[in-house]
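Below are the chains, spelled out letter by letter.
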Amino acid sequence: MEERNTHKIRNVRRRLFQDTDDNNDGEGDNFVNRLLEEDRRQKELCKQRWNFDFEKEEPLPGRYEWVKLDDHRNEIPNSTMINDTVQNPQKQQSEEVESKTSDINETEKITNQ
């Protein structure tokens, strides 16, 4: 009886390609999780290094002193000026017009004398 079992031919099937549906081992999830963890770690290191929260875009107390700049790279003295400009753009425009007209009036006075 043993001789018969040893001579019996067995069918062998091999999977040449991996099915995407059968990928239940979690390797892909682990890779993504590792990338997300590394990203979180890098953000935390940068936050500590630069004392700046890049996600909230606000400075933190620490080694560096952060100041806000306008479009022309001039320092903005305080944040209330920004809020007033954003909330009242018409007020800012009218102040600019008044400033320009007073400059023109001053120039006219000087040239007339």
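Residues numbered from 1 in each chain as written. Predicted model: local features only at pLDDT ≥ 70, side-chain atom pairs only at ≥ 80, totals over all residues. Heavy atoms only, no water.

## Description of unusual backbone geometry
Then, number 1: Not every positive phi belongs to a glycine, and Asn 51 is a case in point at roughly 40°.
Then, number 2: With a relative accessible area of 5%, Asn 51 lands in the buried category.
Then, number 3: Residue Arg 73 is not a glycine yet carries a positive backbone phi of 65°.
Then, number 4: Relative to the elements of secondary structure, Arg 73 occurs in the loop between strand 2 (58-59) and helix 3 (79-87). (Buried < 20%, exposed > 50% of the residue type's maximum accessible area, 1.4 Å probe, protein only. Helix = DSSP H or I, 4+ residues; strand = E, 2+ residues; numbered from the N terminus.)

## Notes on the side chain of Asn 51
Then, number 1: Checked against the element boundaries, Asn 51 lands in the loop between helix 2 (27-50) and strand 1 (52-53).
Then, number 2: A polar contact of 2.7 Å, which involves the side chain of Asn 51, links it to the backbone oxygen of Leu 60.
Then, number 3: Ignoring sequence-local partners within four residues, the contact set of Asn 51 consists of Cys 46, Pro 59, Leu 60, Pro 61, Gly 62, Arg 63, Tyr 64 and Trp 66. (Polar contact = N/O pair within 3.5 Å; in protein donor to acceptor, adjacent residues only side chain to side chain. Contact = heavy atoms within 4.5 Å.)

## Notes on helix 2
Note that an α-helix has 3.6 residues per turn; residues three or four places apart therefore point the same way.
Then, number 1: Between its first and last C-alpha, helix 2 extends 35 Å over 24 residues, near the 34 Å set by a 1.5 Å rise per residue.
Then, number 2: Looking one or two residues beyond helix 2, the residue adopting positive phi is Asn 51, at roughly 40°. (Expected span 1.5 Å × (residues − 1).)

## Re the UniProt feature "domain: Cyclin-dependent kinase inhibitor" (unreviewed entry) in the protein chain
Then, number 1: In this structure's numbering, the residues bearing the UniProt feature "domain: Cyclin-dependent kinase inhibitor" (unreviewed entry) are residues 37-69.
Then, number 2: Along residues 37-69 one finds 42% helix and 12% strand; the C-alpha atoms at either end are 33 Å apart. (UniProt positions renumbered as here; feature names shortened; annotations may be inferred.)

## Details of the environment of Glu 55
Then, number 1: Along the chain, the position of Glu 55 falls in the loop between strand 1 and strand 2.
Then, number 2: The spacing of Glu 55 and Lys 43 is 12 residues in sequence and 8.7 Å in space, taken between C-alpha atoms.

## Some words on the confidence of the model for the protein chain
Low pLDDT marks regions whose predicted coordinates should not be analysed in detail.
Then, number 1: Mean pLDDT for the protein chain: 76, with 56% of residues reaching 70 or above.
Then, number 2: The secondary-structure element of the protein chain with the lowest mean pLDDT is helix 3, recorded at 53, while strand 1 shows the highest, at 94. (pLDDT = per-residue confidence, 0-100.)

## Concerning the side chain of Asp 53
Then, number 1: Mapped onto the elements, Asp 53 comes out in strand 1.
Then, number 2: The exposure class of Asp 53 is buried, given its relative accessible area of 7%.
Then, number 3: A distance of 3.2 Å separates the side chain of Asp 53 from the backbone nitrogen of Glu 55, its partner in a polar contact.
Then, number 4: Only 3.5 Å separates the side chain of Asp 53 from the backbone nitrogen of Lys 56, close enough to count as a polar contact.
Then, number 5: Apart from residues lying up to four places away in sequence, Asp 53 is in contact with Lys 47, Glu 58 and Leu 60.

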